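# Report on the structure
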Amino acid sequence: MPHRASKAKTANRLVLLGGEGVREAGSVWLVGAGPGDPELLTLKAFRVLATADVVVHDGLVSDEILDLAPASARRISVAKRKSRHSYAQGEINRMLVAFALEGLTVVRLKGGDPFIFGRGGEELEACREAGVACYVVPGVTAALAAAADAGAPLTHRGAAQAVTFVTGHAAAGAEPDLDWTSLAKANHTVVIYMGLSTAPGIAQRLMDAGRAGATPALIVENASRADERRVVTDLAGLAAAAAGISGPALLIVGEAMALARAGTAEIVQSLEARGLERGVGS
Ligand code: SAH
């Protein structure tokens, strides 16, 4: 099999001595697939994906990226779906461990970076507890792609000395328990993941804690994808702007967002105009 050759280069491989003789130990690779654009995959992610026996992936990972795994690799979606059984985190952990114990190379493919709101830490712990080798390949987290496409830096001299990534999601649809006083400090960029439905409460809390309603804000939906959409607003207008958006999106609040450009995926369009291969869905 073609993927055996690069698999053999994997460092620190273990050998299990089983009843049938010597068997190679499997491993779990937590791989960041980036925000959507396949060109934002790392070369390491690309290489590791090509060695997979099994790919366990989220809903945010596009078919185009999944196609980089060998045709023979088994693909398992653990995407959250309303219509059918969703996998609990414990089931995913057990699945990864079980495949690795069978001697397989398991690629756990996640949107963005595995360690930014990706529950990669829980999967790593499960592997460690089971004595399964687990490696992490970082990915471009959505915030980095969103800021790049908007032309608005997350840190900027004089306007943003710090950036904080927070989750807007807490159990049972409640607002997260965050340090609003610290997040409301000026010259600080706050990036909110999973914050569309809680945007009204989050914006209000930031303003109550002293962040000006006129602080520039940006919403980026489908960052780095062909259907990307960016809405430029301010903190006072954030909730109303978020109400019109349904896809995966980030809310970004901070003075440096004054540089953000609204619009759609013109980077994609300009690449296409220059005849560069893209191939991300229409
Ligand atoms: N591990 C991922 C985040 C997973 S949490 C990462 O590092 O990017 C899922 C949330 O990420 C979504 O609700 C959304 O807020 C954000 N997200 C993921 N992909 C995105 C994209 N292409 N554009 C905008 N937001 C995205």
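To keep things clear, this report deals only with the structure shown in the data block. Bear in mind that the values here come from a model prediction, so they are computed numbers and not experimental data.

### Side note on the overall build of the protein chain
When its secondary structure is counted, the protein chain shows 10 helices and 13 strands. Residues classed as buried in the protein chain amount to 49% of the 282 residues present. Considering only contacts within the protein chain whose residues lie at least 6 apart along the sequence, 70% involve residues at least 24 apart. Accessible surface for the protein chain amounts to roughly 13,500 Å². Of this, 56% is attributable to carbon and sulfur atoms.

### Things to note about the pairing of strand β10 (residues 216-221)
Counting buried residues along β10, six of its six residues qualify, which places the element largely inside the surrounding structure. In β10, alternate side chains face the same way, and those of Pro-216, Leu-218 and Val-220 on one face and Ala-217, Ile-219 and Glu-221 on the other are all buried. As paired strands, β10 and strand β11 (residues 229-234) are joined by six bridges and run antiparallel to one another. What sits directly across from Leu-218, in β11, is Val-232. The pairing of β10 with strand β12 (residues 249-253) spans five bridges and is classified as antiparallel. Bridge pairing links Leu-218 to Ile-252 in β12.

### A word on the side chain of Glu-123
Within the fold, Glu-123 resides in helix α5 (residues 120-130). Using a relative accessible area of 0% as the deciding quantity, one classes Glu-123 as buried. Sequence-distant contacts of Glu-123, that is, excluding residues within four places in its chain, are made with Leu-30, Gln-89, Ile-92, Asn-93, Leu-96, Arg-108 and Lys-110.

### Re helix α8 (residues 199-208)
Each full turn of the α-helix corresponds to 3.6 residues, which orients residues three or four apart in the same direction. All buried positions along α8 are accounted for by Ala-199, Gly-201, Ile-202, Ala-203 and Leu-206. Buried residues along α8 sit in contact with α7 (180-183), β9 (188-193), α9 (238-242) and β12. Once α8 finishes, Gly-210 follows within two positions and takes phi at roughly 110°, a positive value.

Reading the values: rules and limits
- Residues numbered from 1 in each chain as written.
- Predicted model: local features only at pLDDT ≥ 70, side-chain atom pairs only at ≥ 80, totals over all residues.
- Heavy atoms only, no water.
- Helix = DSSP H or I, 4+ residues; strand = E, 2+ residues; numbered from the N terminus.
- Buried < 20%, exposed > 50% of the residue type's maximum accessible area, 1.4 Å probe, protein only.
- Contact = heavy atoms within 4.5 Å.
- Areas by Shrake-Rupley, 256 points an atom, 1.4 Å probe, with all protein chains shown as cover.
- Pairing = 2+ DSSP bridges.

In short, geometric facts, not functional conclusions.
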